[in-house]
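# Structural description and commentary
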Amino acid sequence: MRWRRSRRENVPSNEINMKLINFQRSSFLPVASVPISLLIWFSVISCTPTVPSDLIAAIEDIDYRLITIGAPRLAPDAYTAFAAQWAALKVRMQTDDDLIRWPWEANHIEDELRQLLAHGDTTLARVQAEQAALRRTAETAIAKLDERLSALSSQVSSWGSHLVLGKELTHTDLLLKQARLFFQQRDYARSLDITARAVETLDVQTATLTRDLQRYADARQIARWQTMARQTVEWSRIHHAPAIIVNKVDRELLLYENGKMTSSYPVRLGYNGLKAKLVQGDGATPEGRYHITAMKGERDTPFYRALLLDYPNAEDQRRFLAARRAGTIPQTASIGGHIEIHGMDSTEASQTLGCIMLNNQHIQTVFSRVTIGTPVTIVGALTKHNPVTVALTGLQQRRDAS
Amino acid sequence: MKSMRQSAGFVILLILTAAAGCAKPPSDAIEAAEQAVKNAREKGANVYVPEEYAKLEGKLTALKQELAEQEGKFAPFQDYGKVEELATSTAQEAAMVASAASQKKEEAKAAALQAQQVAQEAVTSVHDLLARAPVGKDRAAIESIKSDIEALTAALTQIQGSIDREDYQAAQAQAKAIDEKSRAISAEIQDAMAKVKAGKRSLK
């Protein structure tokens, strides 16, 4: 049984005791002193705090730690449950503070506070574990994305195929940066969300690249290129004349004389060199059978020496017109021209607009061996196991692994 | 004797009825508290002051628990005093939390707008730098950079989209990413320009 105590009576306990003792001395017989003393003792007991202050402090500490690790944001339901219980118990404590409790009465509120403390500890440990797991997941996801993006960018850059993907690589890079920023702010869920979006864009880019460069893994296309190269070598052998084969995927110019390969030189291609040229300004290097139509000395070209080719040939024009009819290129697009094998100008560009570039020493050698009319056959690849197919397989494996 | 018993019973019944009639849940106060918490959420409290908002929700839950407890009691023993007290203090705290959320939101908006401006300036700067690059510069690099700048320009519209959606945290992250990327591209252009000496006439 408990009685409600008026707040106005909430005076210091020793003051109550003194008053009662004075009253005892003046008015009562010694025989009455025992029950009165007991009453005083009960009143003292009832005025002691119902809940240990260290328990309250411990709960407040847990609450503070839950807030510090971001539990309201990371585990709102768990934290709200804790906060609700804490708020309810605060109300109960306030209510109980107004009551006089018999010493033999059980203190349920203290039990409940201890349970809340245990619950808070468990919640704290769980949120910490969840946060650590989320952090690890986000960290791993960002690292994988970074690795995939770097691999793709570096591959695209080495192929000179940046424009195959256009703005998409930059878009993915921006997403990666945002994911990192949210990670730094410890917003792992949002970081993961953005990483997932970036991974999706990267998947699309890998698919685009695979589609655009699939012909480097196409056995029939490889066979066609091999036939073109073989026929060119055969022509060189029959006519006892020089011939040139350019292998785009290997970035290599092969010089044949009398049907025998006499030398090979590294080349640089257009900035979309691995694509087959279709229109002016696409940065692609054409594929097909061409001939040297003009030889330019140092005074006629800014590129030290240049061998002008007869691009576009009949096959190029047929493809261009078919694409225009199909609407895959703008109606105003032009087929382009002025494709050369040339040396280097003062800019030492890493790529060309579509031409084949050698260093000046090599172009000088080639220039001295060929004549106007020398056949130049440009092919994508001569073997199915080429750097593009290997790299595409690697990119696809990375995509599957992620 | 029987009449006395009947009278006593009647009196007790009267007292109980009176007591039951007095103890009614403070519906208006509870509704006001709920509305205040809802209002705080609408002001973005769960995003901008999540700690305070979680406490607020906790308090509202405690209020509902206390209400349920009182409603579960036999009518004469129901006491909604604490419920009312909780409802009043919840409503008051919710108003403060809503105000704090509004303030934080305004701060986040201001920060997002500033970051947006910085990003816009950075993209404009890259545009200007590219325009100054000589025609004969490494065309491949220029084409690549143009593509990057197009992506950055498109991303600027995303910042505005986030601001319009009042997702200022996303807007800030987008703006910072654009700024960082723009600076990297600017450095790339300046590096490429340093190598330039002559132009190249070409059709290709």
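Before reading on, note that the structure itself is shown above.
An account of the accompanying structure is given in this report.

Calculation rules
- Residues numbered from 1 in each chain as written.
- Chains lettered and ligands numbered in written order.
- Predicted model: local features only at pLDDT ≥ 70, side-chain atom pairs only at ≥ 80, totals over all residues.
- Heavy atoms only, no water.
- Helix = DSSP H or I, 4+ residues; strand = E, 2+ residues; numbered from the N terminus.
- Buried < 20%, exposed > 50% of the residue type's maximum accessible area, 1.4 Å probe, protein only.
- Contact = heavy atoms within 4.5 Å.
- Areas by Shrake-Rupley, 256 points an atom, 1.4 Å probe, with all protein chains shown as cover.
- Polar contact = N/O pair within 3.5 Å; in protein donor to acceptor, adjacent residues only side chain to side chain.
- Phe/Tyr/Trp six-rings, centres within 6.5 Å; stacked < 30°, edge-to-face > 60°.
- Core = buried A, V, L, I, M, F, W, Y, C linked by side-chain atoms within 4.5 Å.
- Domains from an automatic or database assignment.
- Axes fitted to C-alpha atoms, helices over the stretch in contact; angles between N-to-C directions.
- Parallel < 35°, antiparallel > 145°, perpendicular 65-115°, else oblique.
- Left-handed = near helix turned anticlockwise from the far one by under 90°.
- Nonpolar A, V, L, I, M, F, W, Y, C, P; charged D, E, K, R; others polar.

### Points about the overall build of chain B
- Per the secondary structure count, chain B includes 7 helices and 0 strands.
- Secondary structure of chain B in N-to-C order comes out as α-α-α-α-α-α-α.
- Classification of the 204 residues of chain B by burial places 41% in the buried group.
- A separation of at least 24 residues holds for 76% of the contacts in chain B among residues at least 6 apart in sequence.
- Carbon and sulfur atoms form 55% of the exposed surface of chain B, whose accessible area is close to 11,100 Å².

### Brief notes about the overall build of chain A
- Tallying secondary structure elements over chain A gives 13 helices and 10 strands in all.
- Counting only residues that meet the buried cut, chain A has 49% of its 402 residues in that class.
- When contacts within chain A are restricted to residue pairs at least 6 apart in sequence, those whose partners lie at least 24 apart make up 69%.
- A total of about 19,800 Å² of accessible surface is found on chain A, and carbon and sulfur atoms cover 55% of it.

### Observations concerning the environment of B:Ser162
Residue and element names in this part refer to chain B.
- Topologically, Ser162 is positioned in helix α6 (residues 139-164).
- Along the sequence, Ser162 and Ala112 sit 50 residues apart, while their C-alpha atoms lie 9.4 Å from each other.
- In this structure the side chain of Ser162 is engaged in a polar contact, spanning 2.9 Å, whose partner is the side chain of Gln174.

### Regarding the environment of B:Thr90
Residue and element names in this part refer to chain B.
- In this structure, Thr90 sits in helix α5 (residues 81-132).
- Thr90 sits in the buried class, given a relative accessible area of 0%.
- Separated by 30 residues in the primary sequence, Thr90 and Leu60 place their C-alpha atoms 6.7 Å from one another.

### Some details on unusual backbone geometry
Residues and elements named next belong to chain A.
- With an omega of 0°, the peptide bond running from Tyr311 to Pro312 counts as cis.
- Within the element layout of this structure, Pro312 appears in the loop between β7 (306-309) and α11 (314-326).
- The phi dihedral of Asn258 falls on the positive side, at around 55°, and the residue is not glycine.
- Within the element layout of this structure, Asn258 appears in the loop between β4 (252-257) and β5 (260-266).
- With phi around 60°, His338 is a residue other than glycine that occupies positive phi space.
- With respect to the helices and strands, the residue His338 is situated in the loop between α11 and β8 (340-342).

### Some words on the packing of aromatic side chains
Residue and element names in this part refer to chain A.
- Going through the model one piece at a time under the given rule, you end up with 5 aromatic pairs over all chains.
- Measuring from centroid to centroid gives 6.2 Å for Tyr79 and Phe82, while their planes differ by 35°, and the two rings are tilted. In this pair, Tyr79 and Phe82 both sit in helix α5 (residues 76-97), 3 residues apart, roughly one turn of the helix. Assigned by exposure class, Tyr79 and Phe82 land together as buried.
- Here the aromatic rings of Tyr216 and Trp225 are separated by 5.5 Å at their centres, their planes lie at 45°, and the arrangement is tilted. Per residue, the accessibility class of Tyr216 equals that of Trp225, and both read buried.

### Focus on the nonpolar core
Residues and elements named next belong to chain A.
- Ranked by internal contacts, the top residues of the largest apolar core, which has 42 residues, are Leu152, Trp159, Leu209, Leu213, Tyr216 and Val388.
- Within the residue set of this core, elements represented by two or more residues are α6 (108-159), α8 (168-184), α9 (188-213), α10 (219-239), β3 (242-247), β4 and α13 (387-401).
- Counting residues per element, this core draws most heavily on α6, at 8 residues.
- Lining this core are residues from two domains, each supplying at least three of them: domain 1 (49-215) and domain 2 (218-397).

### A look at the packing of α8(A) against α9(A)
All names here are of chain A.
- Interhelical geometry of α8 versus α9 gives an angle of 165° and a closest axis separation of 8 Å. Between α8 and α9, the interaxial angle falls into the category roughly antiparallel. For the pair α8 and α9, the sense of crossing is left-handed. Contacts between α8 and α9 involve Glu168, Leu169, His171, Thr172, Leu175, Gln178, Ala179, Phe182 and Phe183 on the former and, on the latter, Tyr188, Arg190, Ser191, Ile194, Thr195, Arg197, Ala198, Thr201, Leu202 and Gln205.
- Residues belonging to the contact of α8 with α9 are distributed by class as follows: 9 nonpolar, 7 polar and 3 charged.

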